[in-house]
Amino acid sequence: MSVTTQIRELQATLPKDVTLVAVSKFHPVEAIREAYEAGQRIFGESRPQELAAKVPQLPKDIEWHMIGHLQTNKVKMIAPFVALIHSVDSERLVAEINRQAEKCGRTIDILFEVHLAEDESKSGWDTSELKEFLASGAMAQFPNVRPRGVMTIGTLTDDIELNKKEFLTLRELFEELRSQFGPDFDTVSMGMTSDYKEAIECGSTMVRIGSMIFGERVY
Ligand SMILES: *Cc1c(COP(=O)(O)O)cnc(C)c1O
């Protein structure tokens, strides 16, 4: 099916309070333009170089999200324009985003990536580690960073029940943290092509969908 058809289908079927991030990594600007023409305005990329190269070629009203692992030395490439960084997995990275945001005269929205998967290789905070960090009041040192919520990548598995368990755990953590942050803290980013329906059932407010829209990626 075409990009246009898939975007329209998702726009028609996703609940109104769930935001769609169209994950365009590894796909050319032509495919992004097609999704844009179909009404999509929020796009997610996972590599800073690729993102920075695409931005000047596309309309200015696109909201660009960084969803992939971000090295501190790459933050400056995206700080001038990035709308939301989903993959914030360490205090060092928070500090660097704050530093670069300040240089650009911006406040950058972030999500804390939480590691719930039973998969050793993935990045993200452990739940207890994140709670401890936030309870310490450390975020007060970073006025140019605005915490908007939490994000997770589900375990890569056919066991959808395991993914649901992870999603419910993230939603619960979000509720707990929201009482600390107040109404700006409003985002639970979870769910991809294979599991977005379950993620929404479990309280996702933002889904990141790539291959369903753009087809398989060629690496
Ligand atoms: C690539 C990617 C997605 C999209 O995955 P699909 O299975 O293609 O929908 C979502 N989230 C993250 C963090 C990704 O890296």
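Right above here is the structure, for reference.
Caption draft 1: Fine view of the layout of surface pockets. For the largest pocket, the calculated volume is near 690 Å³. Together, 29 residues line the largest pocket, and Lys-25, Ile-153, Met-192, Arg-208 and Arg-217 are the ones closest to its centre. In the lining of the largest pocket, the residues fall into eight nonpolar, 13 polar and eight charged.

Caption draft 2: Main features of the packing of aromatic side chains. Using the criterion set out here, one finds six aromatic pairs in the structure. When the centroid spacing of 5.9 Å and the interplanar angle of 40° are considered together, the rings of Phe-43 and Trp-64 count as tilted. With Phe-43 in strand S2 (residues 42-45) and Trp-64 in strand S3 (residues 63-66), the pair connects residues that are 21 residues apart, well separated along the chain. Pair check on accessibility: Phe-43 and Trp-64 agree, each one buried. Ring centres of Phe-112 and Trp-125 lie 6.2 Å apart, and the angle between their planes is 80°; this geometry places the pair in the edge-to-face category. A residue pair is termed long-range when its members are at least 10 positions apart, and Phe-112 in strand S5 (residues 108-113) and Trp-125 in the loop between S5 and helix H6 (127-135) qualify at 13 residues. Across the pair, exposure class does not vary: Phe-112 and Trp-125 are buried alike. Pairwise contacts between aromatic rings join Phe-112, Trp-125 and Phe-133 into one cluster. For the cation-ring pair, Arg-47 lies above Phe-26, with the distance from its terminal atom to the ring centre recorded as 4.1 Å.

Caption draft 3: Fine view of the pattern of salt bridges. Enumeration over the complete set of coordinates arrives at 14 salt bridges. Between Glu-50 and Lys-54 there is a salt bridge whose closest N-O contact spans 2.7 Å. Of the two residues, Glu-50 and Lys-54 are both situated in helix H3 (residues 48-54); the distance of four residues between them amounts to about one turn of the helix. Comparing Glu-50 with Lys-54, the two get one shared label, buried. What you see here is one network of salt bridges that share partners, running through Asp-109, Arg-146, Arg-148, Asp-184 and Asp-186.

Caption draft 4: Fine view of the pairing of strand S4 (residues 84-88). Summarising burial for S4: five of the five residues are buried, a large majority. Regarding topology, helix H5 (residues 91-103) serves as the crossover connection from S4 to the parallel S5, and that connection is right-handed.

Here is what the cut-offs are and how they apply
Note that residues are indexed from 1 along each chain, following the sequence as it is written. Restriction of local features to residues with pLDDT of at least 70 applies here, the model being predicted, together with a cutoff of 80 or more for giving and counting side-chain atom pairs; totals for whole chains, interfaces and linings are based on all residues. In computing side-chain values, all of the structure's heavy atoms are included and hydrogens and water are not. A 1.4 Å probe that fits into a set of points on a 1 Å grid over the protein atoms alone but cannot get out defines a cavity; an open set with protein on both sides within 12 Å along at least five of seven lines defines a pocket, and lining residues are those with an atom within 4 Å of a point. Grid points are joined across faces, edges and corners, and a volume is the space filled by probe spheres set on the points. In this classification, Asp, Glu, Lys and Arg are treated as charged, Ala, Val, Leu, Ile, Met, Phe, Trp, Tyr, Cys and Pro as nonpolar, and every other residue, Gly included, as polar. A pair of Phe, Tyr and Trp rings is counted when the ring centres sit within 6.5 Å of each other, with Trp represented by its six-membered ring. The angle between the planes then sorts it: under 30 degrees is stacked, over 60 is edge-to-face, the rest tilted. Per the convention used, a helix needs a DSSP run of H or I reaching at least four residues, while a strand needs a run of E reaching at least two, with both numbered from the N terminus. Per-residue accessibility, obtained with a 1.4 Å probe over protein chains only, is compared with the maximum for each type, and a residue is labelled buried under 20%, exposed over 50%, and partly exposed between these values. Our definition puts a charge over a ring when NZ of Lys or CZ of Arg is within 6 Å of the ring centre and also within 35 degrees of the ring normal. We define a salt bridge as a side-chain nitrogen of Lys or Arg found within 4 Å of a carboxyl oxygen belonging to Asp or Glu. The path from the first strand over the helix to the second decides the hand: if it runs clockwise while the strands point away from the viewer, the crossover is right-handed.

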